[in-house]
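# A look at the structure
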Amino acid sequence: MKLSERVRYVGVNDFRMKLFESHWPVPEGISYNSYLVIDEKIALLDTVDAAFADEFIRNVKNELGDRKIDYLVINHMEPDHSALVSFIRNEYPECTVVANSKAAQMLEGYQGLTDNVHVVKEGETLQLGETSLQFFMIPMVHWPETMATWCSEEHTLFPGDAFGSYKAVPPCISDCKSNLFDEYKEEMIRYYASIVGKYGQPVQAALKKLGNLDIHRICSVHGPVWEKEIPEVVKLYDNLSQYKAGCGVCLAYGSMYGNTEKAAKAIASELEKRNIPYGIHNLTAEDYSYALRDVFKYDTLIVGSPTYNMEIFPPVRQFMEGVADRGVKNRKFAAFGSFTWAAASVKLLNDMAADAGFELLSEGISFKQGYAPEKFDAASLAEAVISAGK
Ligand code: FEO
């Protein structure tokens, strides 16, 4: 697919995979994006998942016909992008792999490939003819070897996973003909929260390093190509990587027999009465990446758990550990929960929140055995959110 005379899209959509990284649900699929830059010499930027070799090579040959690939640039060695490097080398034996030293080491470790590998350093340029590729290291966005490739003549940035998204791409992958940012925003945030969320500082460093480039096109390895909505996309990444969030509540809970769930719904109703934006997530019914997404979206976290073996209910603990693993900062927090004979979950949730540096809005509320409105002052939690926002 032609993005310009010289830049072509040759990636694939994956609707077969249920769990990305064998972990994160992708109900609307995911794309593995790969691109060609065509000049006197031809460069292929990244490959796709191993399951799509046939479709991938068909896409490449549709664009190139009998012409050969001269360079295969590896921006990121995670196998969803690098699995077909050896396959491409078998198809195009003369092709030189272009990688930084860390990626070259990983390429040997994963695929035993060491011959005809050209190792590039920060700022180095590769001339393709009139066009050139320049390489900038952006470690930990999302692995240590990750680099971005810049084609100044096309004003095009190939930044690996950065600015990526879950959700397969439409037939016209670019946002130049229709707005895609609003359509992809939720899945972009969920992708960021689950995959890149731990690496706020490296993302900030990458944004600063690449900030002076005159970018007209962003070709991420997942999700749409950004041309028209670059300011929105960059702003979103800037905010997410600084853990900046809008006013609102991520209301996440686990429930064994429905009592904590009734309490969660009572809180939701009180938030609604006060026009406080929120997302409610039953951690036993849906994957916790959806709640993580809202942790990155909203400035307040209200978490509910029954006491289970004198601990936090395991699905809720997994979620809280996921929040802690990502180093989320600057959030307000309140806990609630239920117990049958001894209360522990609210105190333990408060301890986890305090360890994360969150501001506690209240000491939390727990109730014994069955839920009843008179046992649970849901309004007080909603009022605490309002007071903290003043
Ligand atoms: Fe899409 Fe970090 O690989």
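Residues numbered from 1 in each chain as written. Predicted model: local features only at pLDDT ≥ 70, side-chain atom pairs only at ≥ 80, totals over all residues. Heavy atoms only, no water.

### Points about the sheet that holds strand β8 (residues 71–73)
Rules: When DSSP finds two or more bridges between a pair of strands, those strands are recorded as paired. Note on conventions: DSSP H or I runs of at least 4 residues are helices, E runs of at least 2 residues are strands, and numbering of each starts at the N terminus. Whenever a helix is involved, its axis is fitted only over the stretch in contact; in every case the axis is a line through C-alpha atoms, and angles between N-to-C directions fall within 0 to 180 degrees. By the convention used here, residues are in contact when the closest approach between their heavy atoms is within 4.5 Å.
Strand order in this open sheet of six strands is β1-β6-β7-β8-β9-β10, and the pairing throughout is mixed. Across the chains shown, the open sheet's two edge strands, defined by having one partner strand only, are β1 (7–9) and β10 (117–119). The average angle at which neighbouring strand axes cross in this sheet is 25 degrees, direction not considered. Where strand β9 (residues 96–99) lies against β10, three bridges are found, and the strand directions are parallel. By the bridge assignment for β10, Val-98 is matched with His-118. Strands in contact with helix α1 (residues 53–64) are β1, β6 (35–38) and β7 (42–45); relative to β6, the strand with the most contacts, it is inclined by about 20 degrees.

### Notes on the domain arrangement of the chain
Quick reminder of the rule: Start and end points for every domain follow an automatic or database-based domain assignment. Whenever Lys or Arg places a side-chain nitrogen within 4 Å of a carboxyl oxygen from Asp or Glu, that contact is recorded as a salt bridge. Throughout this description, a polar contact denotes any pair of N or O atoms lying within 3.5 Å of each other; where both atoms belong to protein, one of them has to be capable of donating a hydrogen while the other can accept it, and for residues adjacent in sequence the pair is counted only when both atoms sit in side chains.
Partitioning the chain into structural domains gives domain 1 (7–241) and domain 2 (247–389). A separation of 37 Å is found between the C-alpha centroids of domain 1 and domain 2. Across the contact, 13 residues belong to domain 1 and 10 residues belong to domain 2. Between the two partners, domain 1 and domain 2, sit two salt bridges. Residues Glu-186 and Lys-297 are paired through a salt bridge, measuring 3.1 Å at the closest nitrogen-oxygen approach. At the surface where domain 1 touches domain 2, the tally comes to five residue pairs in polar contact (both at pLDDT 80 or more). Broken down by secondary-structure element, the contributors of at least two residues to the side of domain 1 that touches domain 2 are β4 (24–25) and α5 (181–196). With six residues, the top contributor of residues to the side of domain 1 that touches domain 2 is α5.

### Examining the sheet that holds strand β11 (residues 125–127)
The mixed open sheet is built from five strands, whose spatial order is β11-β12-β13-β14-β15. Each of the sheet's edge strands pairs with one partner strand only, and the pair in question is β11 and β15 (217–218). Where strand β13 (residues 147–151) and strand β14 (residues 156–158) come together, three bridges link them in antiparallel fashion. What sits directly across from Cys-151, in β14, is Thr-156.

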